[in-house]
Every structure is written in C-alpha cells, then in structure tokens.
Amino acid sequence: MKTVYNFSAGPAVLPKSVLEKVQQELLDYEGTGMSVMELSHRSAPFQQIIEGAEALLRELLSIPEDYHVLFMQGGASLQFSMIPLNLLGPGQTAEYILTGSWSDKAVKEADKVGEVRTHKVETQTAIPSYSAKDFSENAQYVHITSNNTIEGTRFNGYPETGDIPLVADMSSHILSEKLDVSRFGLIYAGAQKNLGPSGVTVAIIRKDLVGNAPDHCPVLLNYETYVKHGSLFNTPPTFAIYVLKLVLEWVKENGGVEGMEARNQEKADLLYSYIDQSGLFHNPVREENRSLMNIPFTATDDEINARFLKEAKEAGFEFLKGHRSVGGMRASIYNAMPLEGVKELVEFMKNFEKKQ
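Calculation notes
- Residues numbered from 1 in each chain as written.
- Predicted model: local features only at pLDDT ≥ 70, side-chain atom pairs only at ≥ 80, totals over all residues.
- Heavy atoms only, no water.
- Helix = DSSP H or I, 4+ residues; strand = E, 2+ residues; numbered from the N terminus.
- Rg over C-alpha atoms; globule rule 2.2 N^0.38 Å.
- Buried < 20%, exposed > 50% of the residue type's maximum accessible area, 1.4 Å probe, protein only.
- Contact = heavy atoms within 4.5 Å.
- Areas by Shrake-Rupley, 256 points an atom, 1.4 Å probe, with all protein chains shown as cover.
- Salt bridge = Lys/Arg side-chain N within 4 Å of Asp/Glu carboxyl O.
- Core = buried A, V, L, I, M, F, W, Y, C linked by side-chain atoms within 4.5 Å.
- UniProt positions renumbered as here; feature names shortened; annotations may be inferred.
- 1 Å grid on protein atoms, 1.4 Å probe; cavity = no way out; pocket = protein on both sides within 12 Å on 5 of 7 lines; lining within 4 Å.
- Polar contact = N/O pair within 3.5 Å; in protein donor to acceptor, adjacent residues only side chain to side chain.
- Expected span 1.5 Å × (residues − 1).
- Arc of directions from axis to C-beta.
- Pairing = 2+ DSSP bridges.
- Right-handed = clockwise from strand over helix to strand, strands pointing away.

### Structural notes on the overall build of the protein
Now for step 1: Across its full length, the protein carries nine helices and 13 strands.
Now for step 2: The C-alpha radius of gyration of the protein comes to 21 Å, within 12% of the 21 Å expected for a compact globule of 356 residues.
Now for step 3: Looking at the 356 residues of the protein, the share that counts as buried comes to 55%.
Now for step 4: Of all intrachain contacts in the protein linking residues separated by at least 6 positions in sequence, the fraction that spans at least 24 positions is 68%.
Now for step 5: Carbon and sulfur atoms form 49% of the exposed surface of the protein, whose accessible area is close to 15,800 Å².

Rendered as structure tokens:
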C-alpha cells in the first residue's frame, strides 16, 4: 500500500490507529460474532456504543448538564432547515452573519421559514468582531459558520450576543481547539471532517431551546424527537457512530482538545510560515482570521496551479485542489493529519518553487 497524505476537506483523513481498530473488529465486534454494521440499534452492544460516544464528547468538550447531545443524519445542510423550524416562530426574527459559502446556504433555508436579518462581511478574507449592540434585542438567535472550509477563515473570538442564543456550524473545526460550550445555544457539526466518517451529524443544544417546534414540523426535523428517544427514534447511522466513538477515544488518548489544539497550531504555523515567505504561493486571509483547519493558497497564475496539483498528486498528496468557487489549492489539515504530512507538503512546495 503506497503512502499518501489526504488533504481532502471532507470526507477527510481518519487516524490510522482508528482504521486499524475498525479493521480488527469488522467481522466480530467484541465477541458478538457480528459486525457493528449488523448490530441492531436496539441491542445492548450498540447502546453501549452510542452512550459511550456521548459520554466521551461531553468529557472532551466539558459540555454542561443543561445541554443535550444528539446524533442525527442529513449533515449540516439539514440543520440549516431544522434550526429555523425549531427556533424561529411566526413574526420572529433570526440574524445570520454571512462569512462564506456555507452561511449563505444556511440563510437561504432560514428565509423559507421566517424573517431573517443578515450581516454580510465586506470581504471573504476577514471577519470583523461583533457585540450585542449589533443585533436586535428581540432576535431569536444569531447564526454563524465559525470556520469557513472553502474560504479558510474563522472567527477570532465569537460574537457577544447577550441573552440571544448563539448558533454555530462547527463542522470543519469542532474538537480542534478549546471551546466554551456554554456561550452557545446550539452547536452542530457534520462528522466527516474532525469527528469521524460521513453519515452522522452531532448537535449540542441547550435544553431550553428544545420543545418549541410548531405542530406542523416534521417529526424527524424536530429536536425533541431525538431527545425523547435518545437519538434512536429511527435507525441511526450505526457504523458512523461507532467510528466516531473510536475517534473520540483517540482524541482523549492524544491529550484531548488541548492536545489537538497544540498539534494543529504547530501544523498550521508550519504551512502558513512557508507560504508567507514564498515568492510563488500566497494565502489571502487576514492573519488573525486564518483557519487552523483549512488553508487555501494559490500560485501566481492558473497554469502553475494546474501543474502544481498534477505533480503533487503524483507525489502522493491527494485532494489539494481548491473549491471550484475560489480555485487554486487548499490543504485541509484536520486533527488526524499527522505533522509529518504537513512537513512533507512544505518540502514538496519548496522544491516545486525552486524549479519555477
């Protein structure tokens, strides 16, 4: 098996030890004689898996007792609809800070449900700070995309919203750095970047925000359904939840969120430092808003970009092509990307630049 470094924005690289554990248990999970993929979601072995996953996530993020942890399907995109359906009633207003492609998609879904007020940043290479005075006192919630996978930006300090619940799409950086969950009313994240494989979505929601959906809200779009049934109203993505639990165990074994943040900072500093002194490559994001997870960069023209991507793939660096909306390159260096992978990429970039 050849060695490659997977810089995909998602589905993304998983820890090697987790994949080896999955391989080891694939045919027989803990002596059951069955694969996790064959276990009933009502069985005792799977109940231990989902309860264990929740307990680990609560421990790693220090989630307060007045929050529910829910496992769902549909990705962050379904949350775009669920949030206003549950939190935005007739005649009420929500506020959305638009910092990139995913927040733009989120607000389009909210606009179908109720009144929305938007705050659009002037440039997609920087994010200003916000305080409670920027928002209407009667807003039901303020929504942000806290890390922008495509643009490579993140909030440098979360908005102060006073008593208004802050809702955050953290799909591309959850568990990558320390987080005070109590500052948020709702945090949601698709698993396929930092938590596990695609198929499961995590929502961390304050208890007082559950139970407000209108009667016409579809049962599977109502957070209360998942709370009442322990995320088991219907068949959940059992295999994805199992792998998510293994990833959480790996995070804990490697220093928890603090350990992840330290290694992520080291990886990001290494790549940004080279790009900033390079005469060929450029990152457009303002320094204080640079993502630790998704680092876009471009060469001086499209022809060089194309040649770089071709040669990088041949050298074992996979999925470095930037999103089609921005072009260029993007290195996604999630928790499971080893430091060695970033070192190898920087060395490859240096050698490529010398040849130009």
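### Some remarks on the pattern of salt bridges
Now for step 1: Taken as a whole and assessed by the stated rule, the structure comprises 19 salt bridges.
Now for step 2: Residue aspartate 208 is joined to arginine 206 by a salt bridge in which the shortest nitrogen-to-oxygen separation is 2.6 Å.
Now for step 3: Close ionic contact of glutamate 224 with lysine 228 constitutes a salt bridge, the shortest N to O distance being 3.8 Å. In this pair, glutamate 224 and lysine 228 both sit in helix H5 (residues 223–228), four residues apart, roughly one turn of the helix.

### Here we look at the nonpolar core
Now for step 1: In this structure, Leu61, Phe71, Leu195 and Leu244 are the most contacted members of the largest nonpolar core, which totals 56 residues.
Now for step 2: Among the elements that take part in this core, helix H6 (residues 238–253) stands out by supplying ten residues, more than any other.
Now for step 3: Excluding residues that lie within four positions of it along the chain, phenylalanine 71 makes contacts with Ile50, Ala53, Glu54, Val200, Thr201, Val202, Tyr226, Ser231, Ile241 and Leu244.
Now for step 4: Core analysis: the second largest hydrophobic core is formed by 35 residues, Ala268, Tyr272, Phe281 and Phe308 among them.

### Observations regarding the environment of valine 326
Now for step 1: Structurally, the position occupied by valine 326 is in the loop between strand E12 (317–318) and strand E13 (329–332).
Now for step 2: What makes valine 326 partly exposed here is its relative accessible area of 44%.
Now for step 3: In this structure, the C-alpha to C-alpha distance between valine 326 and phenylalanine 297, residues 29 residues apart in sequence, is 10.0 Å.

### With respect to the UniProt feature "binding site: pyridoxal 5'-phosphate" (unreviewed entry) in the protein
Now for step 1: Cross-referencing UniProt, the feature "binding site: pyridoxal 5'-phosphate" (unreviewed entry) maps to Ala76, Ser77, Trp102, Thr149, Asp169, Gln192, Asn234 and Thr235 in the present numbering. Spanning 160 residues, the named residues are also spread out in space, since their farthest C-alpha pair is 30.6 Å apart. Lining the second largest pocket, from the residues named above, are Ala76, Ser77, Trp102, Thr149, Asp169 and Gln192.
Now for step 2: Structurally, threonine 149 is set in the loop between strand E6 (147–148) and strand E7 (153–154).
Now for step 3: Setting aside residues up to four positions removed in sequence, threonine 149 forms contacts with Ala9, Trp102, Ser172, Lys193, Asn294, Arg330 and Tyr334.
Now for step 4: Of note is the side chain of threonine 149, whose polar atom sits 3.1 Å from the side chain of serine 172.
Now for step 5: Mapping glutamine 192 onto the fold places it in the loop between strand E9 (186–190) and strand E10 (201–206).
Now for step 6: Classification of glutamine 192 by relative accessible area gives partly exposed; the value is 21%.
Now for step 7: Those residues in contact with glutamine 192, other than ones at most four positions away along the chain, are Gly10, Pro11, Ala12, Pro197 and Ser198.

### Thoughts on unusual backbone geometry
Now for step 1: With an omega dihedral of -5°, the bond running from glycine 10 to proline 11 counts as a cis peptide bond.
Now for step 2: With respect to the helices, strands and loops of the structure, proline 11 is situated in the loop between strand E1 (5–6) and helix H1 (16–25).
Now for step 3: With a phi close to 50°, serine 62 is a non-glycine residue in the positive phi region.
Now for step 4: As for its placement among the helices and strands, serine 62 is situated in the loop between helix H2 (44–61) and strand E2 (67–72).
Now for step 5: With a phi angle near 70°, leucine 175 is a residue other than glycine that sits in the positive phi range.
Now for step 6: If you trace the backbone, leucine 175 turns up in the loop between strand E8 (166–169) and E9.
Now for step 7: By relative accessible area, leucine 175 is classed as buried at 2%.

### What about helix H9 (residues 339–354)?
An α-helical turn contains 3.6 residues, so any two residues separated by three or four positions project in the same direction.
Now for step 1: With 16 residues, H9 should reach 22 Å at 1.5 Å per residue; the first-to-last C-alpha distance of 23 Å fits that figure.
Now for step 2: Three or more residues of H9 are buried, namely Gly341, Val342, Leu345, Val346, Phe348, Met349 and Phe352. In a view along the axis of H9, the buried residues occupy a sector of 160°, so they form one face of it.
Now for step 3: Against E1, helix H7 (256–277), strand E11 (294–297), helix H8 (302–314), E12 and E13 lie the buried residues of H9.

### A word on the pairing of strand E3 (residues 93–98)
Now for step 1: Counting buried positions along E3 yields five of six residues, so the element is predominantly enclosed.
Now for step 2: Note: E3 against strand E4 (residues 115–120), six bridges, orientation parallel. In the sheet register, isoleucine 97 faces E4, and the bridge partner there is histidine 119.
Now for step 3: Taken together, E3, helix H4 (residues 101–111) and E4 constitute a β-α-β crossover, and its handedness is right-handed.
Now for step 4: Pairing geometry for E3 and strand E5 (residues 142–145), over two bridges, is parallel. Opposite tyrosine 96, over in E5, you have histidine 143 as the bridge partner.

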